[in-house]
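Reading the structure
Chain residues, written in single-letter form:
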Amino acid sequence: MRQFIGKTLKHDVVNQFGVTVLPARIVLLEEHLALLEKHKIDNVSIFFDVMPPPEQKATSAQAARAAVGQVMKRAKAMYETIRQSGQVPMKELQNDIIPAVKSVAGHPNMFELFEAVKAQGDYTYQHNIGVGILSTMIGKWLHLSDEELTALTMGATLADIGKVKIPAEIINKPGKLTAEEFELVKKHAVLGYEILKNTEGINYRSALIALQHHEREDGGGYPLGLRSEKIDLFSKIVAVADIFHAMSSDRPYQKALPFYEVIRQLRESYFGKLDPRIVSVFLDNMTTKLIGQKVVLTDDREGEIVYINPHDEEAPLVKVGESFVDLSCERQLQIKQIIGL
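Rules used throughout
- Residues numbered from 1 in each chain as written.
- Predicted model: local features only at pLDDT ≥ 70, side-chain atom pairs only at ≥ 80, totals over all residues.
- Heavy atoms only, no water.
- Helix = DSSP H or I, 4+ residues; strand = E, 2+ residues; numbered from the N terminus.
- Expected span 1.5 Å × (residues − 1).
- Buried < 20%, exposed > 50% of the residue type's maximum accessible area, 1.4 Å probe, protein only.
- Contact = heavy atoms within 4.5 Å.
- Axes fitted to C-alpha atoms, helices over the stretch in contact; angles between N-to-C directions.
- Parallel < 35°, antiparallel > 145°, perpendicular 65-115°, else oblique.
- Left-handed = near helix turned anticlockwise from the far one by under 90°.
- Nonpolar A, V, L, I, M, F, W, Y, C, P; charged D, E, K, R; others polar.
- Pairing = 2+ DSSP bridges.
- 1 Å grid on protein atoms, 1.4 Å probe; cavity = no way out; pocket = protein on both sides within 12 Å on 5 of 7 lines; lining within 4 Å.
- Points joined across faces, edges and corners; volume = space filled by probe spheres on them.
- Salt bridge = Lys/Arg side-chain N within 4 Å of Asp/Glu carboxyl O.

1. Overview of helix H2 (residues 60-85)
- When the terminal C-alpha atoms of H2 are compared, their 38 Å separation across 26 residues agrees well with the 38 Å that a helix rising 1.5 Å per residue should span.
- Burial in H2 covers these residues: Ser60, Ala61, Ala64, Val68, Val71, Met72, Ala75, Met78, Tyr79 and Ile82.
- Buried positions along H2 lie against helix H1 (30-38), helix H3 (90-104), helix H4 (110-117), helix H5 (123-141) and helix H6 (146-157).
- Phi for Gly86, located one or two positions after H2, is positive at around 75°.

2. What about the packing of helix H11 (residues 233-248) against helix H12 (residues 259-268)?
- Relative to each other, H11 and H12 sit at 155°, their axes nearing to 10 Å. The pairing of H11 with H12 is recorded here as roughly antiparallel in orientation. Relative to H12, H11 is oriented so that their crossing is right-handed. Across the interface between the two elements, Ile243, Phe244, Met247 and Ser248 of H11 pack against Val262, Gln265 and Leu266 of H12.
- Residue composition of the contact of H11 with H12, by class: five nonpolar, two polar and no charged.

3. Considerations on the pairing of strand S5 (residues 317-320)
- Burial along S5 is one-sided: Val318 and Val320 are buried, while Leu317 and Lys319, pointing the other way, are not.
- As defined by bridge partners, strand S4 (residues 302-307) adjoins S5 across three bridges and the pair is classed as antiparallel. Bridge assignment links Tyr307 to a residue of S5, and that residue is Leu317.
- Where S5 lies against strand S6 (residues 323-326), four bridges are found, and the strand directions are antiparallel. Its bridge partner lying in S6, Leu317 is registered against Asp326.
- Counted along the chain from S5 to the antiparallel partner S6, the turn is two residues long, and its residue Gly321 has a positive phi close to 65°.

4. Structural notes on empty space enclosed by the protein
- A complete count under the given rule lists one cavity of 30 Å³ or more for this structure.
- Approximately 40 Å³ is the volume found for the largest cavity.
- In terms of lining residues, the largest cavity is bounded by Glu215, Arg216, Glu217, Ile231, Lys236, Ala239, Lys273, Leu274 and Asp275.
- Residues that form the lining of the largest cavity fall into these classes: three nonpolar, no polar and six charged.

5. Side note on the pattern of salt bridges
- Counted under the stated rule, the structure contains 20 salt bridges.
- A salt bridge links Glu194 to Lys197; the nearest nitrogen and oxygen atoms lie 3.8 Å apart. A residue pair is termed a helical-turn pair when its members lie 3 or 4 positions apart in one helix, as Glu194 and Lys197 do in helix H9 (residues 188-197) at three residues.
- When its relative accessible area of 35% is taken as the criterion, Glu194 is described as partly exposed.
- Overall, the relative accessible area of 40% leaves Lys197 in the partly exposed class.
- With a shortest N-O distance of 3.1 Å, Asp232 and Arg205 are connected by a salt bridge. Here Arg205 lies in helix H10 (residues 204-212) and Asp232 lies in the loop between H10 and H11, a separation of 27 residues in the sequence.

Here it is, written out as structure tokens:
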């Protein structure tokens, strides 16, 4: 298999369960071969036999950003179509956007993916696709069937569709919303549900995501104040993806939070707000992949995570230059950023 390093995938690679392991057009690195071996994939006919020209070469991270950018462009055009017509273009959604979102969610490096989906400009549209991709990734970790995964991806990507009926100046307001404005924005959940439940070809659970993704385990969410047992699993998954993406991105009224603060707030959400199982799956998958990641500490030094403390997973051992920094001992330091690019 090592002879394929540096070559480009011709098609998406899927495992025996139909889950995309590697997306098409990615340039193969050592880590990708390890992933293929893990999934027992050895069909070499999926590769190009020639090296891509130098101008076409791209790192894994650049490929992720390019793929996400393409999906976001398509989604923005789709949302504009819905805003103008009031109709969801199902053919485009099913044949183009949803398969693309599922493909991108199979990117092998989750931290590169996190960086690629961060909203840094056009927040509304970038958030829609970011939540769709992250929800799909969590759905794979929860071993959803392919049919369930498609319904989740569709509902997650369209979770905020009701915002097309809210004035853009309120949605994109750079400052804090007034109480009246916030009450208007909250109506997007019901408005989105109405759009999706009346769209032929939309799974009912996909429509429920639009209605329920702001509900919380303790009943403190909106629009209905539902408690845990009344909230659909798909809606609970999207709630975790929605909050993680929002905290990790620059929003019109708030800058992205540092990595340690995002993790802290997710941990706190165990107790009442978010489903603890889903948060655990999300954070555990993240933790197991931290070794080898480049990071920026809160004192702005850059380093590489070399060891995860099993008793304090959020305070790993970091190699900085020729020295080592044990974050479990040096509590004044924390991880500000995972370098995904």
